[in-house]
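Chain residues, written in single-letter form:
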Amino acid sequence: MAYDYYASGAEDQWTLAENRNAFSRILFRPRILIDVSKIDMSTTVLGFKISMPIMIAPTAMQKMAHPDGEYATARAASAAGTIMTLSSWATSSVEEVASTGPGIRFFQLYVYKDRNVVAQLVRRAERAGFKAIALTVDTPRLGRREADIKNRFVLPPFLTLKNFEGLDLGKMDEANDSGLASYVAGQIDRTLSWKDVKWLQSITSMPILVKGVITAEDTRIAIQNGAAGIIVSNHGARQLDYVPSTIMALEEVVKAAQGRVPVFLDGGVRRGTDVFKALALGASGIFIGRPVVFSLAADGEAGVRKVLQMLRDEFELTMALSGCRSIKEITRDHIQTEWDAPRALPAPRL
């Protein structure tokens, strides 16, 4: 049940496969004979300096994967010098995660019907030292995840959604289909709209990243409504099936943003080469989700450290072999995509 919850996507799972497959259709145009003896992978996100443009996406209920859950993930992220995003539906609270020690952390927010619950949660995250809100905007209802329906998915009885424990919203009832889908139907606000992004800004000084944008139109509206950044995401292909992969939607969003706010990507990143491709298409950084829960399940904190190290090493090698010594040297010319115009060949000599 737990594995299926983490691994599956919505309906036919076409987008789930496409999130991965689309990366394989982007090819490199490496530049040679450049001194790559020193490679600097560091970057800044919302003014915070991090060691690499590889961050941790919010994934729910991590104690299903390993008893240390979000504590282990937080420590691994901090050790790697990168950002962790904590899910609203974590099995550890914002305060518990903050207690693991220093680190730059973002908080992913679901907007509940009861706005007092939301306001309280945002204040708690801010007090606990979280630096930004990642507002998930693609989930007015939960996607049809057929593995969860088949398994009658429910949070194991020894776990709770820790952020909501004191509000009597920490438990999930068993249902004939997915217990999570029933929970969402009962608690999450389907009326959520752009005015609520404005409301959120009025109750917190934390910058708001809008997570779940895949079109130019919504990018422009998000920026008009004060978003500090955009996360191009299709929710790990778990919401609407047959949306494009995030790497295919990325360039449209980047062009619409016109450099006004940073654009990030999650979905399908499994290799350092994937990270490079996203940055070449204009992303300021990427977030990984499933690699974290699977490595957490395999080996706890050490597993998450290992996955971050593997991606870091692969990304560094990709940069070196492409002739890039810093993040700012990665350009659109370092990759070629199916939709690029054919490069003009030199005119033949007559």
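Because the structure is predicted, anything quoted here is derived from the model rather than measured.

*Asks:* Could you clarify how one ought to interpret the overall build of the protein in this entry?
*Replies:* Secondary structure summary: the protein contains twelve helices and twelve strands in total. Against the globule reference of 20 Å for 350 residues, the protein gives a C-alpha radius of gyration of 20 Å, in line with a compact fold. Here the C-alpha coordinates of the protein stretch approximately 80 × 40 × 35 Å along the principal axes. Looking at the 350 residues of the protein, the share that counts as buried comes to 55%. A sequence separation of at least 24 residues applies to 72% of the contacts in the protein between residues at least 6 apart. Of the roughly 15300 Å² that the protein leaves accessible, carbon and sulfur atoms contribute 52%. Averaged over its 42 positive side-chain charges, the protein has a centre that lies 4 Å from the centre of its 38 negative ones.

*Asks:* Can you help me understand the UniProt feature "active site" (unreviewed entry) in the protein in this one?
*Replies:* Feature annotation in UniProt assigns "active site" (unreviewed entry) to the following positions: His 235. Mapped onto the secondary structure, His 235 falls in the loop between strand 9 (229-232) and helix 10 (246-257). For His 235, a relative accessible area of 11% corresponds to the buried category. The contact partners of His 235, leaving out residues within four places of it in the chain, are Tyr 110, Thr 136, Asp 138, Thr 139 and Arg 145.

*Asks:* Got a minute to help me understand the packing of helix 9 (residues 216-224) against helix 10 in this structure?
*Replies:* Contact pair helix 9 / helix 10: the axes reach a minimum separation of 8 Å and the direction vectors enclose 40 degrees. Considering only the axes of helix 9 and helix 10, their crossing is right-handed. When helix 9 is examined against helix 10, the residues Ala 216, Glu 217, Thr 219, Arg 220 and Ile 223 are found in contact with a partner set consisting of Glu 252, Val 253, Ala 256 and Ala 257. Per-class residue counts for the contact of helix 9 with helix 10 are five nonpolar, one polar and three charged.

*Asks:* What is the right way to look at the layout of surface pockets in this model?
*Replies:* The probe, sized like a water molecule, is rolled over the atoms to show the empty space still left. The calculated volume of the largest pocket comes to roughly 550 Å³. Along the wall of the largest pocket there are 29 residues; nearest its centre are Val 137, Asp 138, Thr 139, Pro 140 and Gly 212. Elements represented by at least two residues in the lining of the largest pocket include exactly strand 7 (132-136) and helix 8 (194-203). Per-class residue counts for the lining of the largest pocket are 15 nonpolar, eight polar and six charged.

*Asks:* Just to check I follow, could you spell out the pattern of salt bridges for this structure?
*Replies:* Between side chains of opposite charge, a pair can form when the charged atoms approach closely. This structure, assessed with the given rule, holds 15 salt bridges. The shortest N-O distance in the salt bridge between Glu 146 and Arg 144 comes to 2.9 Å. Between Arg 271 and Glu 314 there is a salt bridge, with the nearest N and O atoms lying 3.2 Å from each other. Separated by 43 residues along the polypeptide, Arg 271 in the loop between strand 10 (263-266) and helix 11 (272-280) and Glu 314 in helix 12 (residues 290-322) bring together distant segments of the chain. Judged by its relative accessible area of 21%, Glu 314 falls in the partly exposed class. Each of Arg 115, Asp 189, Lys 195 and Asp 196 takes part in a single network of salt bridges with overlapping partners.

*Asks:* Could you clarify how one ought to interpret the nonpolar core in this entry?
*Replies:* One broad rule of soluble globular proteins: the nonpolar side chains tend to lie buried together. Grouped together as the largest cluster of nonpolar side chains are 90 residues, with contacts concentrated most on Trp 89, Leu 109 and Phe 315. The greatest single-element share of this core, amounting to nine residues, is contributed by helix 12. With sequence-adjacent residues up to four places away left out, Leu 109 is seen in contact with Ser 88, Val 118, Leu 121, Val 122, Ile 133, Ala 134, Leu 135, Thr 136 and Leu 200. Among the nonpolar cores identified, the runner-up in size contains twelve residues, and Ala 57, Ala 134, Ile 231 and Phe 264 belong to it.

*Asks:* Please explain the environment of Leu 240 as it appears in this structure.
*Replies:* As for its placement among the helices and strands, Leu 240 is situated in the loop between strand 9 and helix 10. Spatially, the C-alpha atom of Leu 240 lies 29 Å from that of Lys 131, the residues being 109 residues apart in sequence.

*Asks:* Mind showing me how you'd approach the pairing of strand 9 here?
*Replies:* Across a regular strand the side chains alternate sides, sitting on one face of the sheet and then on the other. Going residue by residue along strand 9, you find Gly 229 and Ile 231 tucked away on one face and Ile 230 and Val 232 tucked away on the opposite face as well. Across three bridges, strand 8 (residues 208-211) lies against strand 9 in parallel orientation. Each residue of the ladder has a partner; that of Val 210, found in strand 9, is Ile 230. Note: strand 9 against strand 10, three bridges, orientation parallel. Within the sheet, the bridge partner assigned to Val 232 lies in strand 10 and is Leu 265. Considered for its hand, the β-α-β crossover made up of strand 9, helix 10 and strand 10 is right-handed.

*Asks:* Which parts of the structure should I look at to understand helix 12?
*Replies:* Given 3.6 residues to a turn, an α-helix orients residues that are three or four positions apart in the same direction. Given a rise of 1.5 Å per residue, 33 residues ought to cover 48 Å, yet the end C-alpha atoms of helix 12 are separated by just 27 Å, more than 12% below that figure. Along helix 12, the largest kink reaches about 135 degrees and is centred on Asp 299. With its phi angle positive at about 85 degrees, Gly 323 sits one or two positions after the end of helix 12.

*Asks:* Got a minute to help me understand the side chain of Thr 15 in this structure?
*Replies:* Along the chain, Thr 15 falls in helix 2 (residues 14-24). In contact with Thr 15, other than residues within four places in its own chain, are Asn 234, Ala 237, Leu 240, Asp 241, Tyr 242, Val 243 and Pro 244.

*Asks:* Please clarify how the environment of Phe 106 should be interpreted in this entry.
*Replies:* Turning to its location among the elements, Phe 106 is positioned in strand 6 (residues 105-109). Exposure remark for Phe 106: the relative accessible area of 1% places this residue in the buried category. Distance from Phe 106 to Arg 220, taken between C-alpha atoms, is 23 Å for residues 114 residues apart in sequence. With residues up to four places along the chain from it excluded, the contact list for Phe 106 reads Val 45, Leu 46, Ile 83, Met 84, Thr 85, Leu 86, Phe 130, Lys 131, Ala 132 and Leu 209.

Criteria and cut-off values
Residues numbered from 1 in each chain as written. Predicted model: local features only at pLDDT ≥ 70, side-chain atom pairs only at ≥ 80, totals over all residues. Heavy atoms only, no water. Helix = DSSP H or I, 4+ residues; strand = E, 2+ residues; numbered from the N terminus. Rg over C-alpha atoms; globule rule 2.2 N^0.38 Å. Buried < 20%, exposed > 50% of the residue type's maximum accessible area, 1.4 Å probe, protein only. Contact = heavy atoms within 4.5 Å. Areas by Shrake-Rupley, 256 points an atom, 1.4 Å probe, with all protein chains shown as cover. Lys, Arg positive; Asp, Glu negative; His and termini not counted. Charge placed at Lys NZ, Arg CZ, Asp CG, Glu CD. UniProt positions renumbered as here; feature names shortened; annotations may be inferred. Axes fitted to C-alpha atoms, helices over the stretch in contact; angles between N-to-C directions. Left-handed = near helix turned anticlockwise from the far one by under 90°. Nonpolar A, V, L, I, M, F, W, Y, C, P; charged D, E, K, R; others polar. 1 Å grid on protein atoms, 1.4 Å probe; cavity = no way out; pocket = protein on both sides within 12 Å on 5 of 7 lines; lining within 4 Å. Points joined across faces, edges and corners; volume = space filled by probe spheres on them. Salt bridge = Lys/Arg side-chain N within 4 Å of Asp/Glu carboxyl O. Core = buried A, V, L, I, M, F, W, Y, C linked by side-chain atoms within 4.5 Å. Pairing = 2+ DSSP bridges. Right-handed = clockwise from strand over helix to strand, strands pointing away. Expected span 1.5 Å × (residues − 1). Bend = angle between axes of the 7 residues up to and from the residue.

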